[in-house]
Each structure stands twice: as C-alpha cells, then as structure tokens.
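Examination of the molecular architecture
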Amino acid sequence: MEISITVNGKPQRHDVEDRTLLVHYLRDHCGLRGTNIGCDTSSCGACTVLLNGESVKSCTVLAAQADGAEVTTIEGLAEGEEMHPVQRAFHKHHGLQCGFCTPGMVLASVSLLRENPRPSEADVRAGLEGNLCRCTGYHNIVRAVLAAAEETPGDEK
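A quick note: this is a predicted structure, and the numbers were derived from the prediction, not measured.

1. Some points on unusual backbone geometry
- Of note in the backbone geometry, N8 takes a positive phi value of approximately 55° without being a glycine.
- Examined against the element boundaries, N8 turns out to sit in the loop between β1 (2–7) and β2 (10–15).
- The backbone of H94 sits at a positive phi, close to 55°, despite the residue not being glycine.
- Within the secondary structure, H94 sits in the loop between α2 (85–92) and α3 (102–115).

2. Regarding the side chain of S111
- Here S111 lies in helix α3.
- On the basis of relative accessible area, S111 is assigned to the buried category, the value being 3%.
- Contact partners of S111, with chain neighbours within four places excluded, come to L50, G53, E54 and S55.

3. A few points about the domain arrangement of the protein
- Once the domains are mapped, the protein shows domain 1 (2–76) and domain 2 (85–151).
- Distance from the C-alpha centre of domain 1 to the C-alpha centre of domain 2: 21 Å.
- Counting from both sides, the interface comprises 18 residues of domain 1 and, opposite them, 15 residues of domain 2.
- Across the domain 1 to domain 2 interface the summed buried area is about 1200 Å²; carbon plus sulfur atoms make up 57%.
- The interface formed by domain 1 and domain 2 includes zero salt bridges.
- Taken together, domain 1 and domain 2 are joined by seven residue pairs in polar contact (both at pLDDT 80 or more).

4. A closer look at the packing of α2 against helix α5 (residues 139–150)
- Relative to each other, α2 and α5 sit at 135°, their axes nearing to 8 Å. As summarised for this structure, α2 and α5 are arranged oblique, according to the angle between their axes. Helix-helix and strand crossings are classified by hand; for α2 and α5 the assignment is right-handed. Contacts between α2 and α5 pair P85, V86, A89 and F90 from the former with I141, A144, V145, A147 and A148 from the latter.
- Within the contact of α2 with α5, the residues separate by chemical class into nine nonpolar, no polar and no charged.

Scoring rules and cut-offs
Within any chain, residue numbers begin from 1 and follow the written order of that chain's sequence. Whole-chain, interface and lining totals are the exception, using all residues; otherwise, since this is a predicted model, local features are given only for residues with pLDDT of at least 70 and side-chain atom pairs are given and counted only at 80 or more. For side-chain calculations, the full set of non-hydrogen atoms in the structure is used, while hydrogens and water are omitted. Segments assigned H or I by DSSP are reported as helices when at least four residues long, segments assigned E as strands when at least two residues long, and all are numbered from the N terminus. Any residue under 20% of the maximum accessible area for its type is buried, any over 50% is exposed, and the rest in between are partly exposed; the area is computed with a 1.4 Å probe on protein chains only. We call two residues in contact when some of their heavy atoms are within 4.5 Å. Those domain boundaries reflect an automatic or database domain assignment. Defined here as a combined quantity, buried area equals the accessible surface (1.4 Å probe) lost by two parts on assembly, summed across both. For this document, the term salt bridge refers to a Lys or Arg side-chain nitrogen within 4 Å of an Asp or Glu carboxyl oxygen. Counted as a polar contact is a pair of N or O atoms within 3.5 Å, where, for protein atoms, one must be capable of donating a hydrogen and the other of accepting one, and residues adjacent in sequence contribute only when both atoms are in side chains. Geometry is summarised by axes, namely lines fitted to C-alpha atoms with helices restricted to the contacting stretch, and by angles between N-to-C directions that run from 0 to 180 degrees. The cut-offs work like this: below 35 degrees is roughly parallel, past 145 is roughly antiparallel, 65 to 115 is roughly perpendicular, and the gaps in between are oblique. Helix crossings get a hand from a simple test, with the near helix turned counterclockwise from the far one by less than a right angle marking a left-handed crossing and a clockwise turn marking a right-handed one. Residues are sorted three ways: Asp, Glu, Lys and Arg are charged, Ala, Val, Leu, Ile, Met, Phe, Trp, Tyr, Cys and Pro are nonpolar, and all the rest, Gly among them, are polar.

Below you can see the structure in the form of structure tokens.
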C-alpha cells in the first residue's frame, strides 16, 4: 500500500507492506536511524517519536496508521544547528550515558512539557515511566527535563 507521511517537515511517500511498523518505516524507508528498536514489546520506549505532536512508541503503530500524519523523530527536533531546549538540557545536565534510550527519552520529554509546561519532579517521573534507561538511574534525566521546563525562549543560550 502507498502511504504519505510528513516526517520532520518533509513529505515522504512509500509503498509498504500492510504490517510494516512505523519504527521500521522510519528506519528502513526514510533512513532515519535515531529511532531505536529496543525491546520489540513496547516496554522500553527507545522507539518513541512524536505523531501529530503526541509521543507514541513507534513499535506499536503501523506505518499505515500514520498515513497523512506528521511524525517528528530525534533528527527533526533541532532547528538547523540549534538544539531543541530539551536536547540542550539533556546535554548540560548529563541526562544520558550510553545514549541508546536518549532519542525516545527526549521526545517523550518534549511531549510531556507540551502537556505540562511546569511539571514537578513527580510529574516528570510519572510522565517518563514508559521509557526505560538502563544506565542513568533517572536522576539526571529528571533534572534535565526540569531545567528544560524552566527555559523560556528569551533565555535560550
């Protein structure tokens, strides 16, 4: 079947099998490798992307279900060379170690902050509970999200 998806602001049109998962579409058809395949069971969140602005685990969505939608991956989050505030905060506050979970964690955080621009620590921990990190213990990830929440467009460095 032919599908059309706007990925990171660019129209994409491909023929895919009906059973193609969005994560495989992004990696195999669009060549975007930042969306990781972690567990194949929807437990880890490494494949998290924004689908029409909402975070979803792309291993649970068929590419055909995203036909006509807008998808943002980690590759499309920055504005040119300027990192997104959440990306900057993860870098500044060491919200990553091995980096495998980071793309999904960042995109889940972006979605969380759109829904709740001034979250508490408990809100951040609850909002990211579907994304697993096997390295950090979450402390710096939570700090990074809280720091990104404090950043306003006029404060960007």
